[in-house]
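Notes for the structure review
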Amino acid sequence: YAPLYRIVYALPFFSTIRNPIKFMHPFHLGMLILFGYGLLGLSRSFLSQTAGTATSLTAQVKRWWGARGSFDRAWTMGVLGFFGVSLLGALIYAASRTDVERFLKTTGFQDADPTTSKFADSIFRFSLGEMGWYFLFLALAIVLLAAIFSGALAGRRSKWAWTALGLLLVLDLVRANAPWVVYWNYRDKYATNPIIDILRQKPCEQRVQLLPFQINDQLAQFQELYSIEWKQHTFQYYNIQSLDMIQEPRVAADNAAYRAAFHGANPTLMLRLWELTNTRYLLGLGGNFADQLNQQFDPEKRRFRLHTAFNLVPKHGAVKRYEDFTAQVSTNGVLGLIEFTGALPRLKLYSQWQTVTNDDLALQELANLKFDPAQTVLVAGPLPASPAGTNQNAGAVEFSNYTPKYIQLNAKAATPSVLLLNDKYHPDWNVWVDGKPETLLRCN
């Protein structure tokens with residue numbers, strides 16, 4: 001992070017970027033490439049040549065050190081001087097312990113008891129240890145490079161140079177990175193449960209969303225588990241599709257406009273969102289909560305029903321992290337998987353369609369509760385008007401194959417129809433019907 005990161009951080013706008021360290025990756029890659037060229041240079045200049053005539057490694061080093069005009073010897077002396085300057089700086093730092101601890105206590109690292117300095121003292125002692133490791137690896141690197149420069153490890157002895165270089169590199173990186181490596185028992189982390197089993201059955205045919213209401217402590221706890229573990233890890237592992245966003249730091253304009261159309265004081269707008277987006281399952285409370293949703297959102301059709309009630313229970317007794325919880329089905333469970341039977345299917349043939357080229361007008365029509373999305377689909381592109389009096393069953397369509405980049409459908413249309421695949425539109429999708437290219441439509 002210092003000093004190079006501070007230079008980059010001072011550039012315009014870098015201090016306003018979320019996690020700007022990632023923009024240092026090109027620099028890191030450049031350093032790795034230069035490191036590789038450095039190894040190649042060592043090999044060509046010092047290791048691939050025939051070993052010197054000295055009878056021992058010590059004699060070879062002495063002979064090299066006595067040579068005049070050696071740039072490598074001057075470089076080694078310069079590095080040794082840098083080592084000495086570093087050591088002097090470390091001694092000055094170690095002698096300033098009281099000042100450092102006082103500074104740490106004034107910048108947020110104080111103990112609960114203001115008269116003690118245990119927290120600042122532990123930080124200071126850790127920093128001294130890190131300096132010790134720095135001096136050890138720097139000294140080993142200087143000795144190893146000096147041995148390579150002298151020719152003592154050339155020729156047949158070069159295998160020892162490569163072994164020592166690799167060992168030094170691995171030991172340094174392992175020691176530095178070991179605290180940041182976290183081990184997971186992935187079988188346990190991604191272990192399924194009855195709720196996940198329901199959602200992962202044909203996941204391409206429905207979506208799920210967590211209800212945003214925080215009504216009691218149990219639901220609030222489940223919402224944290226869902227946001228941290230289920231949505232970001234378990235759902236990805238089992239390809240469960242959700243309406244909830246994992247990360248979206250810069251919202252696309254079309255996404256923002258679409259969501260804004262179904263956000264308002266009228267709670268039935270949320271119902272219309274679930275209807276249009278094929279959100280068949282909702283995660284919330286058990287008991288009579290589905291009846292409450294019917295009363296508030298859908299009093300006429302009452303399309304919410306409790307599918308499965310469940311509780312959160314520990315997997316193995318002790319709970320240390322959210323992933324240690326799992327779902328257990330219970331008739332009187334506090335939490336519930338609620339089914340919304342009014343969600344549009346993922347696939348549907350429409351014998352009635354309406355062309356609306358203005359996106360704002362299309363969103364207004366979709367949010368109009370008088371509009372029936374189960375009977376009519378809105379199409380953004382030019383298309384002939386649907387035949388008059390064709391409010392009939394258009395036919396059936398089903399998945400034959402579903403992968404992230406290739407979808408195959410079997411459709412039997414009883415009349416000229418628009419086939420709706422209820423997914424996010426992207427212009428780079430290509431469509432074939434009976435093996436022939438067709439026009440991709442943007443619907444709803």
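The coordinates are above.
One structure accompanies this document, and this report is about it. (Residues numbered from 1 in each chain as written. Predicted model: local features only at pLDDT ≥ 70, side-chain atom pairs only at ≥ 80, totals over all residues. Heavy atoms only, no water.)

1. Remarks on the overall build of the protein
Which entries qualify depends on this criterion: Elements are defined by DSSP. Helices are runs of H or I of four residues or more, strands are runs of E of two residues or more, and each kind is numbered from the N terminus. Each radius of gyration reported is based on C-alpha atoms, and the globular scaling rule is 2.2 Å times the count of residues to the power 0.38. The buried label applies to any residue whose accessible area, calculated with a 1.4 Å probe on protein chains only, is under 20% of its type's maximum; exposed applies above 50%, and partly exposed to all values in between. Residues are treated as being in contact if the distance between any of their heavy atoms lies within 4.5 Å. Surface accessibility follows the Shrake-Rupley procedure with a 1.4 Å probe radius. Residue values consider only the protein chains on display as shielding. Charged-residue counts in this description rest on Lys and Arg as positive and Asp and Glu as negative, His and the chain ends being excluded. Note on charges: their place is set at NZ of Lys, CZ of Arg, CG of Asp or CD of Glu.
Regarding its fold elements, the protein presents 14 helices and 13 strands. In summary, the protein has a C-alpha radius of gyration of 33 Å against a globular reference of 22 Å for 444 residues, an excess of more than 25%. Principal axes of the C-alpha set define a box for the protein whose edges measure 100 × 65 × 45 Å. Split into buried and exposed, the 444 residues of the protein put 34% on the buried side. Taking the intrachain contacts of the protein between residues at least 6 apart in sequence as the baseline, contacts between residues at least 24 apart amount to 67%. When the accessible surface of the protein is split by element, carbon and sulfur atoms take 59% of a total near 27900 Å². Each charge class in the protein can be summarised by its mean position, and for the 42 positive and 33 negative side chains these summaries are 12 Å apart.

2. Points about empty space enclosed by the protein
Stated formally: A 1.4 Å probe that fits into a set of points on a 1 Å grid over the protein atoms alone but cannot get out defines a cavity; an open set with protein on both sides within 12 Å along at least five of seven lines defines a pocket, and lining residues are those with an atom within 4 Å of a point. Grid points are joined across faces, edges and corners, and a volume is the space filled by probe spheres set on the points. Note that Gly is not counted as nonpolar here; it falls among the polar residues with everything else outside the nonpolar set of Ala, Val, Leu, Ile, Met, Phe, Trp, Tyr, Cys and Pro and the charged set of Asp, Glu, Lys and Arg.
Enumeration according to the criterion identifies two cavities of 30 Å³ or more in this entry. Considering only enclosed or pocket space, the largest cavity measures out at about 100 Å³ in volume. Lining the largest cavity are 14 residues, with K189, W230, T234, K315 and F325 sitting closest to its centre. Counting residues per element, the ones that place at least two in the lining of the largest cavity are α10 (217-237) and β4 (325-329). Here the lining of the largest cavity takes four residues from α10, the largest share from any one element. Approximately 30 Å³ is the volume attributed to the second largest cavity. Along its surface, the second largest cavity is lined by L199, P203, Q206, R207, V208, I240, Q241 and Y281. Residue classes in the lining of the second largest cavity are distributed as five nonpolar, two polar and one charged.

3. So, a nonpolar patch on the surface
The line we're drawing: For patches, a residue must show more than 30% relative accessible area and have no salt bridge; joins then use 9 Å for like charges and 5 Å for nonpolar side chains, namely Val, Leu, Ile, Met, Phe, Trp and Tyr. By definition here, a salt bridge exists when the distance from a side-chain nitrogen of Lys or Arg to a carboxyl oxygen of Asp or Glu is within 4 Å.
Together, L4, I7, F27, M31 and L34 give the surface a local cluster of nonpolar side chains, amounting to about 490 Å² of exposed area. Those elements that provide at least two residues to the nonpolar patch are α1 (4-9) and α2 (25-47). Ranked by the residues each element gives to the nonpolar patch, the list is headed by α2, at three residues. Classification of L34 by relative accessible area gives exposed; the value is 56%.

4. Overview of the pattern of salt bridges
Applying the stated criterion across every chain yields a total of 19 salt bridges. With a closest N to O distance of 3.2 Å, R97 and E101 form a salt bridge. A residue pair is termed a helical-turn pair when its members lie 3 or 4 positions apart in one helix, as R97 and E101 do in helix α5 (residues 97-106) at four residues. The exposure class of R97 is partly exposed, given its relative accessible area of 31%. Its salt-bridge partner being D298, residue R303 comes within 2.8 Å of it at the nearest N-O pair. Taking relative accessible area as the criterion, R303 reaches 14% and is therefore assigned buried. Overall, D298 belongs to the buried group, its relative accessible area being 5%. Several salt bridges share partner residues, and in doing so they unite R97, E101, D121 and R125 into one network.

5. Some thoughts on the sheet that holds strand β3 (residues 304-314)
Cut-off, in case you're wondering: DSSP calls a pair of strands paired once it identifies at least 2 bridges connecting them. Interaxial angle, 0 to 180 degrees, is taken between N-to-C directions of lines fitted to C-alpha atoms, where a helix line uses only the stretch in contact.
With mixed pairing, five strands are arranged side by side in an open sheet as β1-β2-β5-β3-β4. Strands with a single pairing partner mark the edges of an open sheet, and in this sheet they are β1 (207-210) and β4. Adjacent strand axes in the sheet meet at a mean angle of 30 degrees, parallel and antiparallel pairs treated alike. In this structure, strand β2 (residues 279-285) lies alongside strand β5 (residues 335-340), joined through five bridges in antiparallel fashion. If you follow Y281 over to β5, its bridge partner there is E339. On top of the sheet, α10 reaches β1, β2, β3, β4 and β5; it is set at about 140 degrees to β1, its chief contact. Contacts from helix α13 (residues 289-297) reach β2, β3 and β5 within the one sheet, and its direction differs from that of β3 by about 135 degrees.

6. Here we look at α5
For clarity, the threshold we go by: To be clear, the arc concerns the directions from the helix axis to the C-beta atoms.
V100, E101 and L104 are the residues of α5 that are buried. For α5, the angular spread of the buried residues around the axis is 95 degrees, confining them to a single face. Of the residues in α5, the exposed ones pointing more than 90 degrees away from the buried face are T98, F103 and T106. Against the buried residues of α5 lie α4 (71-95) and α6 (118-149).

7. A short note on the environment of A362
Looking at the secondary structure, you find A362 in helix α14 (residues 359-367). For A362, a relative accessible area of 14% translates into the label buried. Counting along the chain gives 187 residues from A362 to R175, while the straight-line C-alpha distance between them is 59 Å. Residues within four places of A362 in sequence aside, it is in contact with V356 and L378.

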